[in-house]
Amino acid sequence: MTDFWAFLKNTYGWYKFLHTMFAGFVTSSFFVLGISAWHLLRKSGTALFMASFKMAAILGLASSIMVFVLGDMAGGDIAMVQPEKLAAMESHWETARHVPFYLLVMPDERNSKNSIELFGIPGMVSFLSFKDFNAEVKGLREWPKEDRPPVLPVFAGFRLMVGLGLLFMLLTAIAVYISIRDGYGKWGWFLKLLPWALPLPYLAAELGWVVAEMGRQPWIVYRVMRTAEAVSPSVGAGQVVFTIISFLMIYGLLAALDIYLLAKAARKGPVPASAERSES
């Protein structure tokens, strides 16, 4: 780190920061949508939850679109500065131009190829990466196996994340339509669906971190230090295992307590104004 202003002007950093922030807005929107839908089905606090449903739907749709746009912009930077990650995200093996995007792909890492490639959209990977249908995209075979990211988890994580992002746009668009048309009664099946969709943004966020962190392997500092070189010689395997188990137990307990308290408050709903005045 030698130039603080260069750090602040790092476009990839800003794309990732804003991508993460809007992903948080999507998560909060689905949280409010799910709880609002649950209460609307039970006709409790209808006026309040119609308003919260509408606000969450609008914020969720706008944020879902921004997550998609910023993700696409960050993908262009990845193509320039981390081509191995891009190749793993697309399970792309051979350097070529006019690279198609296959809707159905099955990576075969052992043989450095895809065992299945079906329903290709010509030039789409090139366009998504460089905004040019004829652009050259480097394949994973450009690098020795020890310098490649693990393809299957990166590829699958990326595909699932993008699929969930498209689903979020669809669900929030329907929610906006319902709130504008005041069609809560006619869309009861959709309201029943929303509480089950509440965990999906959390899953999408975790998949994003899988793509980001596993996609830069085997480097802990990209092309400067390998992950294997960052292991401290003074920390034994037993200490690492103990730390991981301890973290899992502590954070698992906190997560369970958090979910319990949130579910309890969500079921209870808003406190009536008369009860607030009497308590004060």
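See the structure shown above.
Residues numbered from 1 in each chain as written. Predicted model: local features only at pLDDT ≥ 70, side-chain atom pairs only at ≥ 80, totals over all residues. Heavy atoms only, no water.

Trainee: Can you lay out the pairing of strand E3 (residues 113-121) for me, pointing to particular residues and giving the numbers?
Mentor: Sheet analysis places strand E2 (residues 101-108) next to E3, joined by 7 bridges and oriented antiparallel. Each residue of the ladder has a partner; that of Pro107, found in E3, is Asn114. Following E2, the chain reverses through 4 residues before pairing antiparallel with E3; Ser112 in that reversal takes a positive phi of roughly 55 degrees. (Pairing = 2+ DSSP bridges. Helix = DSSP H or I, 4+ residues; strand = E, 2+ residues; numbered from the N terminus.)

Trainee: How would you explain the packing of aromatic side chains if you had to name every residue and give the values?
Mentor: As enumerated under the stated definition, the model contains 11 aromatic pairs in all. Pairing Phe4 with Trp5 gives two aromatic rings, centres 6.0 Å apart and planes at 70 degrees, and the pair type is edge-to-face. The pair Phe4 / Trp5 is uniform in exposure class, with both members exposed. Taking the centre distance of 5.0 Å and the plane angle of 55 degrees together, the rings of Phe30 and Phe168 count as tilted. Pair noted here: Phe30 is in helix H2 (residues 11-41) and Phe168 is in helix H6 (residues 151-181), with a separation of 138 residues, a long-range link. Each member of the pair Phe30 and Phe168 is classed as buried. Three or more aromatic residues joined by ring pairs form one cluster here, namely Tyr177, Trp187, Trp189 and Phe190. For Lys131, the ring lying beneath its charged end belongs to Phe127, and the centroid distance is 5.9 Å. When the ring centre of Trp219 is taken as origin, the NZ or CZ atom of Arg226, which lies over that ring, is 4.6 Å away. (Phe/Tyr/Trp six-rings, centres within 6.5 Å; stacked < 30°, edge-to-face > 60°. Buried < 20%, exposed > 50% of the residue type's maximum accessible area, 1.4 Å probe, protein only. Lys NZ or Arg CZ within 6 Å of the ring centre and 35° of its normal.)

Trainee: Talk me through the nonpolar core; I want residue IDs and the actual numbers.
Mentor: Note that soluble globular proteins tend to have their nonpolar side chains buried in a common cluster. Formed by 48 residues in total, the largest nonpolar core has its most connected members in Leu33 and Phe53. Element by element, the count of residues in this core is highest for H6, at 11 residues. For Phe53, the residues in contact, after removing those within four places along its chain, are Leu33, Ser36, Ala37, Leu40, Ala175, Ser179, Tyr184, Leu191 and Leu194. (Core = buried A, V, L, I, M, F, W, Y, C linked by side-chain atoms within 4.5 Å. Contact = heavy atoms within 4.5 Å.)

Trainee: Before we move on, can you summarise the layout of surface pockets with the specific residues and values?
Mentor: Each pocket or cavity is described by its volume, and for the largest pocket that value is around 1300 Å³. The wall of the largest pocket is formed by 46 residues, among which Lys16, His19, Gly71, Phe158 and Met161 lie closest to the centre. Listed by contribution, the elements that provide at least two residues to the lining of the largest pocket are H2, helix H3 (46-81), helix H4 (83-90), helix H5 (124-130), H6 and helix H8 (200-214). Residues that form the lining of the largest pocket fall into these classes: 26 nonpolar, 13 polar and 7 charged. Within this model, the second largest pocket holds a volume of roughly 450 Å³. Lining the second largest pocket are 13 residues, with Phe31, Leu198, Ile259, Leu262 and Ala263 sitting closest to its centre. Of all the secondary-structure elements, those providing two or more residues to the lining of the second largest pocket are H2 and helix H9 (237-268). Tallying contributions element by element places H9 first for the lining of the second largest pocket, with 6 residues. Residue composition of the lining of the second largest pocket, by class: 10 nonpolar, 1 polar and 2 charged. (1 Å grid on protein atoms, 1.4 Å probe; cavity = no way out; pocket = protein on both sides within 12 Å on 5 of 7 lines; lining within 4 Å. Points joined across faces, edges and corners; volume = space filled by probe spheres on them. Nonpolar A, V, L, I, M, F, W, Y, C, P; charged D, E, K, R; others polar.)

Trainee: Residues and numbers for unusual backbone geometry, please.
Mentor: With omega at 15 degrees, the peptide bond leading from Gln217 into Pro218 counts as cis. Along the chain, Pro218 turns up in the loop between H8 and strand E5 (219-221). Phi at Ser91 takes a positive value of approximately 50 degrees, unusual for a residue other than glycine. Within the element layout of this structure, Ser91 appears in the loop between H4 and strand E1 (96-97). One non-glycine residue, Phe119, adopts positive backbone phi at about 60 degrees. Inspection of the secondary structure puts Phe119 in strand E3. We classify Phe119 as exposed; its relative accessible area is 58%.

Trainee: Which residues make up the pattern of salt bridges, and what values do they have?
Mentor: For the coordinates displayed, the defined rule picks out 5 salt bridges. A salt bridge links Lys131 to Asp72; the nearest nitrogen and oxygen atoms lie 3.2 Å apart. In this pair, Lys131 sits in the loop between H5 and strand E4 (136-137) while Asp72 sits in helix H3, placing the two residues 59 residues apart along the sequence. By relative accessible area, Lys131 is classed as partly exposed at 44%. In this structure, Arg223 and Glu84 form a salt bridge, with 3.1 Å as the shortest nitrogen-oxygen distance. On the criterion of sequence distance, the pair formed by Arg223 in the loop between E5 and strand E6 (225-226) and Glu84 in helix H4 is long-range, its members being 139 residues apart. In this structure Arg223 comes out as partly exposed when scored by relative accessible area, which is 46%. (Salt bridge = Lys/Arg side-chain N within 4 Å of Asp/Glu carboxyl O.)

Note that all results are geometric; they support no functional claim without further evidence.
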